[in-house]
Amino acid sequence: MKSAEVRKGYLDFFRGKNHTIVPSASLMPTSPNLLFTNAGMNQFVPIFLGQAKFPNSPARAADTQKCIRAGGKHNDLEDVGFDTYHHTFFEMLGNWSFGDYFKKESIDWAWELLVDIWKFPPARLYATVYKPGPGDPAEFDSEAHGYWVEKFKKAGLDPAVHVVMGNAKDNFWMMGETGPCGPCSEVHVDLTPEGKTQGKLVNQGDPRCLEIWNLVFIQFNAEPGGKFKPLPERHVDTGMGLERVAGILAVSDGFKDFKKDPSNYASDLFAPIFAEIEKMSGKKYGARVPKNREEVSEEEMNDCIFRVLADHVRTLSFSIADGIVPGNEGRNYVLRRILRRAVMFGRRFKLPDGFLSELATPLIRTMGEAFPELKAREKDIRAVLSAEEASFSKTLERGLAMFEKLVAGSNKGIQGEDAFTLYDTYGFPLDLTQLLARERGMEVDGAGFEKAMEAQRSRARQSQNKTTIKVEDEVGPDFPTVFTGYEKTEESKVERLAAEALKEVGPAGAKGRVFLGQTPFYGEMGGQVGDTGWIEWDGKKVKVVATIRGAGGVPVHLTDSVVDAKGPVKVSLDTERRGRIEGHHSATHLLHWALRSVLGEGVRQKGSYVGPDRLRFDFSHLKAMSAEELAKVESEVNEKVKADVAVKWGERPYAEVKDDSTILQFFGDKYGTTVRVVDIGGFSKELCGGTHVRSTGRIGAIRVVGESAIAAGVRRIEAVSGAALADWCREEMKKQDEKAVSLEKKKVGAGQLSKGSGKETPEQLWDLVKKRDGEISKADESLREGDKQAAKDRMAEMQKKAEQDAKELWAKGTVLSGIKWLGVDLGEVPNGYLPVLADRLKREGEAVLFLIGKEGGKVPLVALCTAEAAKKVQSGKIIQVAAVEVGGKGGGRPDMAQGSGADASGIDKALAAVEKMVKAALGGGA
């Protein structure tokens, strides 16, 4: 059975058990606490917490989820390649019950699929059940135990052997220190040749006995203080690693032969990638695993490299397909480290430049049908891999240079901190540094490396924000709220109402909150800010300062004082504010359409802000937009505004629209059974729950005021429209006036900036702002030209002075072994003078120069060693010795180095220390 058959068989089985098959969530997690989606349950966390409902709950669902575990709490990176069961990327098959079935059905179906359908030998299966140890929560899971006993008895097996007890460490699942939790039951398979280990290898870290399925029974809520409270609704969350099941089936030839060592890498998920590596490298994969990580043979390392490359290209390709690309921070930096690890190991095989991009081809061919986003973004995947590999080649050369320098400068081996610098800065995996060192007969301080690594982990832990996870209480009244704000801006008589004072001051200074039976107020969601307005009754009027979403998405009206109405109330929006918001929201749809038109269909929305003052639109794109691209986007958007195109919306069943290619929706996004389609003129159709203008003419002129990068592969456009554009222009003109005053003080005034009449349209104000920008730029340029000339004049003066000083100083030097030594305190010197003087002095002949002086409160240091001199003494070491004496630091190349100190009283000591060092290096002979 191939991997695709395992995947399909699993989903078909649970489809037959009335489960809704849902698509994999994106690897970009919705939780801010995660680097990547790392488990099948991630996308369902809001349901477990009571913050959302699965459609038609109670419900059943199943899927195959893309997962990455690299960085953070779940970090398998350093083990990948050196065994046969760790991965950074893997697929998690899973089935869920949301308040529906529980333990009996979960265990029945697990047995049915594994034993009856897939034909796993029952005698090789073991089930674990929760039995608390000292200090562990809850009680023995007798219910799950009873069901497993029944299964093994019917199979003629001894339950006392095949049902294994586990404590909280192995068999009690918790989302965090608080929140939903419960016992779990794992299914393990004995892969030893005889298959008669009697359960002794279960949870012992032995690859010959692997966990293949984990059934989690979520039935408690862990509360602060250590209490475990039963949940009102019980859930099931299961997970099965596709790579493990496919690997077991492949390596055992469908359970016919257990003589081979088990390996997740034995299946057809990896074979096509291995074949490509073999073709490029001329080497063969032998499935060997290091017997000792400290002494890896060449043959073992070769097989490790195969596994590293295959795993890492999977992680990188799937991530890029989901819009996560290598970068310098957070998850993007983790990906960059993975890519660099792959390149480093690829170098051992002397693979051609761009090999990672080529390895993506068999991966996409193998998995593109199950995950169509791979095919859709193949061009981006290959482009990013090629660009990152090329960029790293430059860094790699610097890292190798540092390694060689470390080797040359030590007889004891590579220190742990240096190995960590190679790892953290240059992407050298510890295993590779150790291998390179062994080739030179040296050792690496592994313990020191781990110490430095743990220090980094500690810093990361301290920077994390710990949050208390809790199941949402049912808040608000028991009547539903009907939203009428798509069509109405007020309700003159709202009968149903519930109101209360807040225990503490809320957002925007709120003191009370109100729930209404029907409301035109939009609660903040999907990037659109909440509405403000008023509630009136019996001659009283209270301001609604914000509208947010409560549990289950219920609109919560936050008020500046408590509403104590006993009867019906009138509610009305701040319509001028709502109009601006609607204009900006419709403008984001136009921007999205125009960006895809100009940049290509790889553009997808990554986030947005829609407010009365501006809009912000984040989207996937690999590089900065050019001025021409921005102008074209802005032009296309404004053409549609001027055309005053109708904007329509309506609700439709999701099943009816999910395959409609004309409606913008994205793989991995989650939609309910009913969706709202916003249609602008037939050319822009999106699923959207926000509010919009009736026609594009109401948006007003749109201007892009900013374009920038916010993350690797994610750009941000900021724009304003209509009345908000006029406000933005007026604020900008105030800043321009301040800038003009500042320039005037520098005697390069911008002159009298152009003024408006006060009656300009937003477009005319924009043009005026641009004109004033030009006037200020002209004055700025004048200032820069003046600064440049002043700098040139100053340099000419210093060069003239250096010409005079050089001859005089050179004569004061001492010749040591044919090399002139000159160390001098120049006293108070102009800023930047020492490097100029050193550069002039080196023309006099072979020399070691050390110059020190005073620049205001600082002590500048410069060391220079000419070619022959640098073979005996290095400038960087001279600066290090001197800097200690003047309370400073510095460094540089062997031939030229600079530094700075703060303690002028140490100048004489610095000179003496350097002279002693130089004389020891050069000797005293003339």
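Residues numbered from 1 in each chain as written. Predicted model: local features only at pLDDT ≥ 70, side-chain atom pairs only at ≥ 80, totals over all residues. Heavy atoms only, no water.

**Q** What's the story with the overall build of the protein in this structure? I'm lost.
**A** The helix and strand tally for the protein stands at 24 helices and 31 strands. Along the longest, intermediate and shortest principal axes, the C-alpha atoms of the protein span 100 × 90 × 55 Å. Taking all 926 residues of the protein together, 50% fall into the buried category. Of the contacts formed within the protein by residues at least 6 apart in sequence, a portion of 69% connects residues at least 24 apart. The distance from the centre of the 132 positive side-chain charges to the centre of the 133 negative ones in the protein is 2 Å. (Helix = DSSP H or I, 4+ residues; strand = E, 2+ residues; numbered from the N terminus. Buried < 20%, exposed > 50% of the residue type's maximum accessible area, 1.4 Å probe, protein only. Contact = heavy atoms within 4.5 Å. Lys, Arg positive; Asp, Glu negative; His and termini not counted. Charge placed at Lys NZ, Arg CZ, Asp CG, Glu CD.)

**Q** Help me understand the packing of helix H13 (residues 378–408) against helix H14 (residues 416–426), please; the structure alone is not making it clear to me.
**A** Relative orientation and spacing of two packed helices are given, respectively, by the angle between their axes and the distance between those axes. Two elements in contact, H13 and H14, have axes whose closest approach is 10 Å; the angle formed by their N-to-C orientations is 175°. With respect to H14, the element H13 is oriented roughly antiparallel. For the pair H13 and H14, the contacting residues are Phe 392, Thr 395, Arg 398, Gly 399, Met 402, Phe 403 and Leu 406 in the first and Asp 418, Thr 421, Leu 422, Thr 425 and Tyr 426 in the second. Tallied by class, residues from the contact of H13 with H14 come to six nonpolar, four polar and two charged. (Axes fitted to C-alpha atoms, helices over the stretch in contact; angles between N-to-C directions. Parallel < 35°, antiparallel > 145°, perpendicular 65-115°, else oblique. Nonpolar A, V, L, I, M, F, W, Y, C, P; charged D, E, K, R; others polar.)

**Q** I'm lost on unusual backbone geometry in this one. Help?
**A** Keep in mind that most residues, glycine aside, have a negative phi and that most peptide bonds are trans. The backbone of Lys 350 shows a phi angle near 55°, a positive value even though the residue is not glycine. One can find Lys 350 in the loop between helix H10 (330–348) and helix H11 (355–367). Within the chain, Asp 538 stands out as a residue other than glycine whose phi angle is a positive 45°. The residue Asp 538 is located in the loop between strand E15 (533–537) and strand E16 (540–549) in this model.

**Q** Just to check I follow, could you spell out helix H24 (residues 907–922) for this structure?
**A** Residues three or four positions apart in an α-helix share a direction because the helix packs 3.6 residues into each turn. With 16 residues, H24 should cover 22 Å at 1.5 Å per step; its first-to-last C-alpha distance of 22 Å lies within 8% of that length. Along H24, the residues classified as buried are Ile 907, Ala 910, Leu 911, Val 914, Val 918 and Leu 922. For H24, the angular spread of buried residues about the axis comes to 95°, placing them on one side. Every exposed residue of H24 that faces more than 90 degrees away from the buried side is listed here: Asp 908, Lys 909, Lys 916 and Ala 920. On its buried face, H24 sits against strand E26 (814–816), strand E27 (819–828), strand E28 (847–854), strand E29 (859–865) and helix H23 (875–885). Gly 923 occupies a position one or two residues after H24 and carries a positive phi of about 85°. (Expected span 1.5 Å × (residues − 1). Arc of directions from axis to C-beta.)

**Q** How do you make sense of the sheet that holds strand E17 (residues 555–559) when you look at a structure like this?
**A** Backbone-to-backbone hydrogen bonds pair the strands of a sheet. The strands run either parallel or antiparallel. Pairing in this open sheet of seven strands is antiparallel, and the strands run E11-E18-E15-E16-E17-E13-E12 from one edge to the other. The sheet is open, and its two edges are formed by strand E11 (490–494) and strand E12 (497–501), each paired on a single side. The sheet shows a mean angle of 25° between the axes of neighbouring strands, taken without regard to direction. In this sheet, strand E18 (residues 569–573) lies alongside E11 in antiparallel orientation, the contact comprising three bridges. Paired with Val 494 across the bridge in E18 is Val 569. (Pairing = 2+ DSSP bridges.)

**Q** Mind showing me how you'd approach the sheet that holds strand E20 (residues 615–620) here?
**A** Taken together, the four strands give an open sheet; going across it, the order is E19-E20-E25-E24, and neighbouring strands pair in antiparallel fashion. The sheet terminates laterally at strand E19 (605–610) and strand E24 (702–711), the two strands that pair on one side only. On average, adjacent strands in this sheet sit at an angle of 15° to one another, irrespective of strand direction. Pairing of E20 with strand E25 (residues 714–721), which is carried by six bridges, proceeds in the antiparallel orientation. Looking at E25, one finds that Phe 619 is bridged to Arg 715. In the packing of helix H17 (residues 575–599) onto the sheet, contacts are made with E19, E20, E24 and E25, and the angle to E20 comes to roughly 30°.

**Q** For this particular structure, what's the right way to read the nonpolar core?
**A** Side chains of a nonpolar character, in soluble globular proteins, are inclined to be buried together. Core analysis: the biggest nonpolar cluster contains 121 residues, and Phe 120, Trp 148 and Trp 213 have the highest contact counts within it. Per-element accounting of this core gives the leading share, 12 residues, to helix H9 (residues 298–321). Sequence-distant contacts of Trp 148, that is, excluding residues within four places in its chain, are made with Ile 107, Trp 111, Ala 127, Val 129, Val 163, Ser 185, Val 187 and Leu 215. Counting residues in each nonpolar core, the second largest holds 26 residues, with Leu 591, Ala 594, Phe 617 and Val 678 among its members. (Core = buried A, V, L, I, M, F, W, Y, C linked by side-chain atoms within 4.5 Å.)

**Q** For this particular structure, what's the right way to read the confidence of the model for the protein?
**A** Scored by pLDDT, the protein has a mean of 89; 95% of the residues are at 70 or more. A low-confidence stretch, residues 464–469 stays under pLDDT 50, and its non-local contacts, those more than four residues away or across chains, total 11 contacts. (pLDDT = per-residue confidence, 0-100.)

**Q** Could you clarify how one ought to interpret the side chain of Asp 141 in this entry?
**A** When you line up the elements, Asp 141 lands in the loop between strand E4 (125–130) and helix H4 (142–154). Among the polar contacts made by the side chain of Asp 141, one reaches the side chain of Lys 103 at a distance of 2.7 Å. Among the polar contacts listed, one links the side chain of Asp 141 to the backbone nitrogen of Ala 144, at a separation of 3.2 Å. (Polar contact = N/O pair within 3.5 Å; in protein donor to acceptor, adjacent residues only side chain to side chain.)

**Q** How should the pattern of salt bridges be read in this particular structure?
**A** Side-chain pairs of opposite charge can arise whenever the charged atoms involved come near each other. Considering all chains together, one arrives at 51 salt bridges under this definition. Between Asp 564 and Lys 540 there is a salt bridge, with the nearest N and O atoms lying 3.6 Å from each other. Of the two residues, Asp 564 sits in the loop between E17 and E18 while Lys 540 sits in strand E16, which places them 24 residues apart along the sequence. Using a relative accessible area of 39% as the deciding quantity, one classes Asp 564 as partly exposed. The class of Lys 540 is partly exposed, set by a relative accessible area of 40%. As a salt-bridge pair, Glu 707 and Arg 715 come within 2.8 Å of each other at their nearest N and O atoms. By the burial criterion, Glu 707 is buried, and Arg 715 matches it. Linked by salt bridges that have partners in common, Glu 576, Arg 580, Asp 727 and Arg 730 make up one network. (Salt bridge = Lys/Arg side-chain N within 4 Å of Asp/Glu carboxyl O.)

**Q** Mind showing me how you'd approach the environment of Ala 52 here?
**A** As for its position among the elements, Ala 52 is in the loop between helix H2 (45–48) and strand E2 (59–68). When the C-alpha positions of Ala 52 and Gly 553 are compared, they lie 7.6 Å apart, and in sequence the two are 501 residues distant. Apart from the residues within four sequence positions on either side, Ala 52 is in contact with Pro 46 and Ile 47.

**Q** What is the right way to look at the environment of Glu 300 in this model?
**A** Tracing the backbone through its elements, the reader meets Glu 300 in helix H9. In this structure Glu 300 comes out as buried when scored by relative accessible area, which is 7%. Sequence spacing of Glu 300 and Gly 876 is 576 residues, and the spatial spacing of their C-alpha atoms is 41 Å. Not counting residues within four places of it along the chain, the set of residues in contact with Glu 300 comprises Arg 288, Val 289, Pro 290, Lys 291 and Glu 295.

**Q** Can you walk me through the environment of Ser 875 in this structure?
**A** Tracing the backbone through its elements, the reader meets Ser 875 in helix H23. Take Ser 875: its relative accessible area is 0%, and that puts it in the buried class. On a C-alpha basis, the gap between Ser 875 and Pro 121 in space is 71 Å, while along the polypeptide they are 754 residues apart. Apart from the residues lying within four places of it in its own chain, the contact partners of Ser 875 are Ala 863, Leu 864, Cys 865, Arg 893, Pro 894, Asp 895, Met 896 and Ala 897.

**Q** How should the packing of aromatic side chains be read in this particular structure?
**A** Any aromatic ring pair is given by two values, namely how distant the centres are and how the planes are angled relative to each other. Applying the stated rule across the entire model yields 33 aromatic pairs. Between the aromatic rings of Trp 148 and Phe 152, the centroid separation amounts to 6.2 Å while the plane-to-plane angle is 35°, which identifies the pairing as tilted. Placement of the pair is Trp 148 and Phe 152 together in helix H4, with a separation of four residues, close to one helical turn. In this pair, the class of Trp 148 matches that of Phe 152, namely buried. Plain terms: the ring middles of Phe 617 and Phe 619 are 6.3 Å apart, the flat faces sit at 20° to each other, and that makes the pair stacked. Of the two residues, Phe 617 and Phe 619, neither departs from the other in class, the shared state being buried. (Phe/Tyr/Trp six-rings, centres within 6.5 Å; stacked < 30°, edge-to-face > 60°.)

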